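Results of the structural survey
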Amino acid sequence: MRLKDCYNFHDFRRMAKRRLPSPISNYIDGAADDEVTYRRNTAAFEGCDLVPNVLRGVGDVDMSVTVMGQRLAMPVYCSPTALQRLFHHQGERAVAAAAAKFGTMFGVSSLGTVSLEEARRICDGPQVYQFYFHKDRGLNREMMARAKQAGIEVMMLTVDSITGGNRERDKRTGFAIPFKLNLAGITQFAIKPSWAVNYVRHEPFRLPQLENHVDMGRGAMSISRYFTEMLDPSMSWDDVAEMVQHWGGQFCLKGVISVEDAKRAVEIGCTGIVLSNHGGRQLDGSRTAFDQLDEIVQAVGDRIDVMMDGGVQRGTHVLKALSLGAKAVGLGRYYLFPLAAAGQAGVERALELMRVEIERGMKLMGCSSVDELTKENLRFR
């Protein structure tokens, strides 16, 4: 299967699965418990129909948006995700370069495999730094100071991961960082030797944002122990309010689902929220971001930038979210499978397909700019 033969999310997913050992492909593809929320994230868009207007004289289409003070050439961005160099040796370097080419935003994770400083050198466009709240308050301040020094303008605190989700696919293969594979997992690596050859030929796997705290080589702390031992489950609104004030700039909460939490985010001075259930990887059975979008936009959309992610696979999904008032839409697995399949070239092809789908969809909807998309363009079944 060749990259030029990939035309949608499912094609990229198939191509990535042919290249990756199944423990790694299942890490990308898996979710919590019975994976109900994972499936519903995409299915939620199917219950909503677009109502196009015709004969509107649409020529050029302007799909640019401004979110959290950042100008994006297209209304989607690459959400921060962990461990990207595990999927392809280019990792965040590929995503940063692709985002720069398409004039959109991307993010580096606390569990990223390329330093936020290097990613900033690759792309001087909109960039967020995603981080977790640690028991060590000094570490939290240190991470924010480092981001400020690197020129990051938007901080994104993930608030739905005070403990790891129950990801049973990983348990079945023994997938962990550092690797602790069982026999079934080892066998899967053995039958995909090209991944292992690629892995050992390039620089060692690192977590630059946390390398003084999480040791990937000598087993001082695994990723699972990082979540259970270093993150603070007692994190409160007062703690986050202090961080917002300390940062003094664009500050976003990722993982908000309830209206009450959205209102609290406004009250403590956040400038953005991402409605997200972590791709179904945390609390299975939780509400989808798309299903909650209208209610939250109605409550706080005039006071804070509302974004969403989860299950987005098509340009029409993006149009539906924008019509409900989302300022921008985050992509996760949508670019991770292309990254795993073909590195930077894969991410660029995926973003180009998304750009074309959004542009085509806007023309067919009779809209020449994003702000012309409204709830009047939608009907729910």
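Refer to the structure presented above.
The structure reproduced in this document is the subject of the present report. Residues take numbers from 1 onward in each chain, read along the sequence in its written order. For a predicted model such as this one, the threshold for reporting local features is a pLDDT of at least 70, and the threshold for listing and counting side-chain atom pairs is 80 or more; totals across whole chains, interfaces and linings nevertheless cover every residue. Side-chain descriptors were evaluated using all non-hydrogen atoms of the structure, hydrogens and water having been removed beforehand.

Here a strand is any run of E in DSSP of at least two residues, a helix any run of H or I of at least four, and the numbering for each starts at the N terminus. The helix and strand inventory of the chain stands at 16 helices and twelve strands. Its C-alpha atoms give the chain a radius of gyration of 20 Å, near enough to 21 Å, the size a compact globule of 381 residues would have. With the C-alpha coordinates of the chain rotated into their principal frame, the extents come out at 65 × 50 × 40 Å. Each residue gets one of three labels from its accessible area relative to the maximum for its type: buried under 20%, exposed over 50%, partly exposed in between, using a 1.4 Å probe on protein chains only. Burial analysis of the chain (381 residues in total) assigns 59% to the buried set. By definition, residues are in contact when any of their heavy atoms lie within 4.5 Å. Residue pairs at least 24 apart in sequence account for 73% of intrachain contacts in the chain once pairs closer than 6 positions are excluded. With residues, only the protein chains shown are counted as cover, and all accessible areas are computed by Shrake-Rupley using a 1.4 Å probe. On the chain, roughly 15700 Å² of surface is accessible, and the fraction owed to carbon and sulfur atoms is 49%. The positive count covers Lys and Arg only, the negative count covers Asp and Glu only, and His and the chain ends enter neither. Taken as the charge location is NZ of Lys, CZ of Arg, CG of Asp or CD of Glu. A gap of 6 Å separates the mean positions of the 48 positive and 45 negative side-chain charges of the chain. Radius of gyration here is computed from C-alpha atoms only, and the compact-globule reference equals 2.2 Å multiplied by the residue count raised to the power 0.38.

Attention shifts here to helix α7 (residues 137-150). To estimate the expected span of a helix, subtract one from its residue number and multiply by 1.5 Å. Between its terminal C-alpha atoms α7 stretches 20 Å, which fits the 20 Å expected from 14 residues at 1.5 Å a residue. Along α7, the positions that sit buried rather than exposed are Leu-139, Asn-140, Met-143, Met-144, Ala-147 and Ala-150. The buried residues of α7 occupy one face: seen down the axis, they fall within an arc of 135 degrees. In protein, a polar contact requires one atom able to donate a hydrogen and another able to accept it; more generally it is a pair of N or O atoms within 3.5 Å, and residues adjacent in sequence count only if both atoms are side-chain atoms. In this structure Asp-136 caps α7, since a side-chain oxygen of it lies 2.9 Å from the backbone nitrogen of Gly-138. Within two residues after α7, Gly-151 carries a phi angle of roughly 90 degrees, on the positive side. What the arc describes is the spread of directions from the helix axis to the C-beta atoms.

The side-chain alternation of strand β9 (residues 272-275) yields two buried faces, one formed by Gly-272 and Val-274 and the other by Ile-273 and Leu-275. Pairing between strand β8 (residues 250-256) and β9: four bridges, direction parallel. Its bridge partner being in β9, Cys-252 is matched across the sheet by Gly-272. In this fold, β8 hands off to helix α13 (residues 259-267), which returns the chain to β9; that crossover is right-handed. Pairing between two strands requires that DSSP report at least two bridges joining them. Looking down the strands as they point away from the viewer, one classifies a crossover as right-handed if the path from the first strand across the helix to the second runs clockwise.

What follows deals with empty space enclosed by the protein. A water-sized probe, rolled over the atoms, reveals where empty space remains. Only protein atoms enter the calculation, which uses a 1 Å grid: trapped sets of points that fit a 1.4 Å probe without letting it out are cavities, open sets showing protein on both sides within 12 Å along at least five of seven lines are pockets, and any residue with an atom within 4 Å of a point is a lining residue. Grid points are joined across faces, edges and corners, and a volume is the space filled by probe spheres set on the points. On inspection of all chains with the given rule, the structure shows three cavities of 30 Å³ or more. Lining the largest cavity are 13 residues, and of these Arg-85, His-88, His-89, Asn-198 and Tyr-199 sit closest to its centre.

This paragraph deals with the nonpolar core. We call a set of buried Ala, Val, Leu, Ile, Met, Phe, Trp, Tyr and Cys residues a nonpolar core when their side-chain atoms join them within 4.5 Å. Counting residues in each nonpolar core, the largest one holds 124 residues, and the members touching the most others are Phe-251, Ile-273, Leu-293 and Met-308. A total of 15 residues in this core trace back to one element, the largest contributor, which is helix α16 (residues 333-365). For Ile-273, the residues in contact, after removing those within four places along its chain, are Cys-252, Leu-253, Val-256, Ala-262, Ala-265, Ile-296, Val-300, Ile-304, Asp-305, Val-306 and Met-307.

For helices, the fitted axis covers only the stretch in contact; all axes are lines through C-alpha atoms, and the angles between them, taken along N-to-C directions, range from 0 to 180 degrees. Direction vectors running N to C along helix α1 (residues 9-19) and α16 enclose 155 degrees, while the axes themselves pass 9 Å from each other. Overall, the two elements α1 and α16 adopt an arrangement that is roughly antiparallel. Crossing angle aside, the handedness with which α1 passes α16 is right-handed. On α16, the residues touching Phe-9, Phe-12, Arg-13, Met-15, Ala-16 and Arg-19 of α1 are Arg-333, Tyr-334, Phe-337, Pro-338, Ala-340, Ala-341, Gly-346, Arg-349, Ala-350 and Leu-353. Any residue that is not Ala, Val, Leu, Ile, Met, Phe, Trp, Tyr, Cys, Pro, Asp, Glu, Lys or Arg is counted as polar, Gly included; the first ten are nonpolar and the last four charged. The residue inventory of the contact of α1 with α16, partitioned by class, reads eleven nonpolar, one polar and four charged. Roughly parallel covers angles under 35 degrees, roughly antiparallel covers those over 145, roughly perpendicular covers 65 to 115, and oblique covers all other angles. Handedness of a crossing is defined here by the sense of rotation of the near helix relative to the far one, left-handed for an anticlockwise turn of less than a right angle and right-handed for a clockwise turn.

Glancing now at the pairing of strand β5 (residues 106-109). Taking every second residue as pointing to the same face, both faces of β5 are buried, with Phe-106 and Val-108 on one and Gly-107 and Ser-109 on the other. As paired elements, β5 and strand β6 (residues 127-131) share four bridges and run parallel to each other. Counterpart to Val-108 in the pairing with β6 is Tyr-129. Read as a crossover between parallel neighbours, the route from β5 over helix α6 (residues 116-122) to β6 is right-handed.

Time to look at the packing of α13 against helix α14 (residues 289-300). Where α13 meets α14, the closest approach of the two axes is 9 Å, and the angle between their N-to-C directions is 35 degrees. As for how α13 packs across α14, the hand of that crossing is right-handed. Side by side, α13 and α14 meet where Val-259, Ala-262, Lys-263 and Val-266 of the first sit next to Glu-295, Ile-296, Ala-299 and Val-300 of the second. A class-by-class count of the residues in the contact of α13 with α14 yields six nonpolar, no polar and two charged.

With that settled, consider α16. In an α-helix, one turn spans 3.6 residues, which is why side chains three or four residues apart end up on the same side. Taking 1.5 Å per residue as the helical rise, α16 with its 33 residues ought to reach 48 Å, whereas the 26 Å between its terminal C-alpha atoms falls clearly short. Given a residue, its bend is the angle between the two axes fitted to the seven residues that end at it and to the seven that start from it. At Ala-342, α16 shows its maximal bend, which comes to roughly 140 degrees. Following α16 by one or two positions, Gly-366 adopts a phi angle in the positive range, close to 80 degrees.

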